[in-house]
Amino acid sequence: MTKVWVGVDAGKTAHHCVVVDSDGQRLLSRRIVNDESTIEKLIDDVTALSDGSTATWATDLNSGGAALMLALLVAAKQVVFYIPGRVIYHAAAGYRGEGKTDAKDAAIIADQARIRRDLHRVRIPDESAAALRILTGHRTDRMRDRTRTINRLRALLSEFFPALERNLDLSNAKGTLILLTGYQTPDRIRRMGRSRLETWLRTHKVYNPDKVADVALDAARAQHARVPGQDAAAGTIATLARQALDILAELAALDKQITALFSRHRYAAIIESMPGFGPLLGAEFIAATGGDMESIGSADRLAALSGLAPVPRDSGRISGNLHRPRRYDRRLMRVFYLSAQLSIRSSPESDAYYQRKRAEGKRHTQAVIGLARRRANVLWAMLRDERIYAPAESEKGVAA
């Protein structure tokens, strides 16, 4: 049998594949379309080159355009490793020539898979983890859209009606957005009058319509000047307010869908039992990790992936020089950081740990990150043992 290593420089529409033997000699170099039949033909050809033995595959993408190829490789029981693009970029400096082509990148990927022993095997997430990754990713995109819309609303109101922008809450108050769909300028609000404005707000199911009407009238009475472009701005404000309301409705529906899907996951009850974790943060954790703790390997590895484990930057006589890592999963950092902040309010154990770190002179952010690091160990142990949170055992390191 011939041992072979396969490097795939993955792309959206096509991949380039290079096969090397144990001496690093190329046995095959081929560009293939990202199509099921073409990929299956490649797998058959690689199997023939290896005389029926299992080949070792490596790719620089573990999702996106490589998803179909990875699914077919796993279905064919092939061993697949993931090598990040940044690793390939730095490794390329050790190979002859300065040129960069897909074929060269694929050859480097294959050769790195041949000589390295620290690569992580690609594991296909289960159906619920994959669905949560898609839904939480879409939710993040829509949250960003909401922030951009609100910021645009603030900018326009600050320019044409600053008193209203200053006095009403645009970030969290749905009633303010409803008001802006109908009334955006001081003169229109004054003409409407308090009684009719309150009735209009009540009809549109605004919470505390009398309070919103009072604030809007006070702001309108404070400004009688007309700013050039006010009518055009009013139309744009109304459009943006409607868009923000649509996004809020979509987010509410997404939250229900994510919560329902997460509740069916095998780890849902364990994760939610830990203070600070709700269904949304739990869903983001499953989406970021694939719900597969075995592929991560250890609590230290989980902390490193989350950016919670400091890395040394020692040189010469300098030692103990610890810094936050530059490369980590921002989603996991966000999950652990937010859950740690929330746990301070709801868990005496977390609050005691946080206060102890603050007493040691740590800043708020440092204390929360320290708590998050400890909680990563705890969550890892809970998932490994499939046990729910047990506060009485926190001092033993089993829970926090």
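Residues numbered from 1 in each chain as written. Predicted model: local features only at pLDDT ≥ 70, side-chain atom pairs only at ≥ 80, totals over all residues. Heavy atoms only, no water.

Chemist: Before we move on, can you summarise the overall build of the protein chain with the specific residues and values?
Modeler: Looking only at helices and strands, the protein chain features 18 helices and eight strands. Relative to the compact-globule value of 21 Å for 400 residues, the protein chain shows a C-alpha radius of gyration of 28 Å, a clear excess of over 25%. Along the three orthogonal principal directions, the C-alpha set of the protein chain runs to about 90 × 55 × 50 Å. Scored against the burial criterion, the 400 residues of the protein chain give a buried share of 46%. Of the contacts formed within the protein chain by residues at least 6 apart in sequence, a portion of 61% connects residues at least 24 apart. With an accessible surface of roughly 21,000 Å², the protein chain has 50% of that area assigned to carbon and sulfur atoms. Computed over 61 positive and 45 negative side-chain charges, the inter-centroid distance for the protein chain is 6 Å. (Helix = DSSP H or I, 4+ residues; strand = E, 2+ residues; numbered from the N terminus. Rg over C-alpha atoms; globule rule 2.2 N^0.38 Å. Buried < 20%, exposed > 50% of the residue type's maximum accessible area, 1.4 Å probe, protein only. Contact = heavy atoms within 4.5 Å. Areas by Shrake-Rupley, 256 points an atom, 1.4 Å probe, with all protein chains shown as cover. Lys, Arg positive; Asp, Glu negative; His and termini not counted. Charge placed at Lys NZ, Arg CZ, Asp CG, Glu CD.)

Chemist: An account of helix 10 (residues 209-221) is needed here, citing residue identities and associated values.
Modeler: Its 13 residues place the ends of helix 10 18 Å apart at the C-alpha level, agreeing with the 18 Å of an ideal helix rising 1.5 Å per residue. Turning to helix 10, its buried residues are Pro209, Val212, Ala213, Ala216, Leu217, Ala219 and Ala220. Summarising the axial view, the buried residues of helix 10 lie within an arc of 160°, below the 170-degree limit, and thus occupy one face. For helix 10, exposure combined with an orientation more than 90 degrees from the buried face picks out Lys211 and Arg221. Contacts from the buried residues of helix 10 go to helix 6 (162-167), helix 7 (174-182), helix 8 (186-192) and helix 9 (194-203). (Expected span 1.5 Å × (residues − 1). Arc of directions from axis to C-beta.)

Chemist: Pulling in residues and values, what's your account of helix 4 (residues 102-115)?
Modeler: Helix length check: helix 4 (14 residues) gives 20 Å between terminal C-alpha atoms against 20 Å at 1.5 Å per residue, within 8%. Tucked inside the fold, the buried residues of helix 4 contact strand 1 (5-9), strand 2 (14-20), strand 3 (26-33), strand 4 (56-59) and helix 3 (85-91).

Chemist: Account for the sheet that holds strand 5 (residues 79-82), with residues named and values stated.
Modeler: Within a beta sheet, neighbouring strands are joined by backbone hydrogen bonds and run either parallel or antiparallel to one another. With respect to topology, six strands assemble into an open sheet ordered 3-2-1-4-5-6, the strand pairing being mixed. Taken across any chain shown, the strands that pair with only one partner, and hence form the sheet edges, are strand 3 and strand 6 (120-121). Here strand 1 pairs with strand 2 via five bridges, running antiparallel. Across the sheet, residue tryptophan 5 finds its bridge partner in strand 2, namely valine 20. Of the strands in this sheet, strand 1, strand 2, strand 4 and strand 5 touch helix 2 (residues 67-75), which is tilted by about 165° from strand 4. Of the strands in this sheet, strand 1, strand 2, strand 3 and strand 4 are in contact with helix 4, which crosses strand 1 at around 140°. (Pairing = 2+ DSSP bridges. Axes fitted to C-alpha atoms, helices over the stretch in contact; angles between N-to-C directions.)

Chemist: Requested: an account of the nonpolar core, with residues and values cited.
Modeler: Ile271, Phe285 and Phe336 are the most contacted members of the largest nonpolar core, which has 48 residues in total. It is helix 18 (residues 364-385) that contributes the most residues to this core, 11 residues altogether. Counting residues in each nonpolar core, the second largest holds 33 residues, with Ile150, Ala219, Ile237 and Ala244 among its members. (Core = buried A, V, L, I, M, F, W, Y, C linked by side-chain atoms within 4.5 Å.)

Chemist: Could you give me a rundown of the pattern of salt bridges, with the residues and numbers involved?
Modeler: Summed over all chains, the structure comprises 25 salt bridges. With a closest N to O distance of 2.2 Å, arginine 148 and aspartate 145 form a salt bridge. With arginine 148 and aspartate 145 both in helix 5 (residues 127-160), this residue pair falls three residues apart, about one helical turn. By relative accessible area, which is 21% here, aspartate 145 ends up partly exposed. In this structure, arginine 331 engages aspartate 329 in a salt bridge whose closest nitrogen and oxygen atoms are separated by 3.0 Å. (Salt bridge = Lys/Arg side-chain N within 4 Å of Asp/Glu carboxyl O.)

Chemist: Explain a negative patch on the surface to me, using residue names and the numbers behind them.
Modeler: On the surface, Asp35, Glu36, Glu40 and Asp44 cluster together into a patch of negative charge. Mapped onto the elements, glutamate 36 comes out in helix 1 (residues 36-49). Judged by its relative accessible area of 43%, glutamate 36 falls in the partly exposed class. (Patch = residues over 30% accessible without salt bridge, like charges linked within 9 Å, V, L, I, M, F, W, Y side chains within 5 Å.)

Chemist: Go over a positive patch on the surface, please, and point to the residues and values.
Modeler: Residues Arg86, Arg313, Arg326 and Arg327 make up a contiguous surface patch of positive charge. Residue placement: arginine 326 occurs in the loop between strand 8 (322-323) and helix 16 (330-346). A relative accessible area of 64% means that arginine 326 is categorised as exposed.

Chemist: I'd like a rundown of the environment of valine 79, residues and numbers included.
Modeler: Within the secondary structure layout, valine 79 lies in strand 5. For the pair valine 79 and methionine 143, spaced 64 residues apart in sequence, the C-alpha to C-alpha distance is 38 Å. If sequence neighbours within four positions are ignored, valine 79 has contacts with Thr54, Ala55, Thr56, Trp57 and Arg121.

Chemist: Explain unusual backbone geometry to me, and be specific about the residues and the numbers.
Modeler: Unusually for a residue other than glycine, lysine 205 sits at a positive phi of about 60°. With respect to the helices and strands, the residue lysine 205 is situated in the loop between helix 9 and helix 10. Residue classification places lysine 205 among the exposed positions, given a relative accessible area of 74%. For glutamate 386, which is not glycine, the phi dihedral falls at a positive 55°. Here glutamate 386 falls in the partly exposed class, since its relative accessible area comes to 47%.

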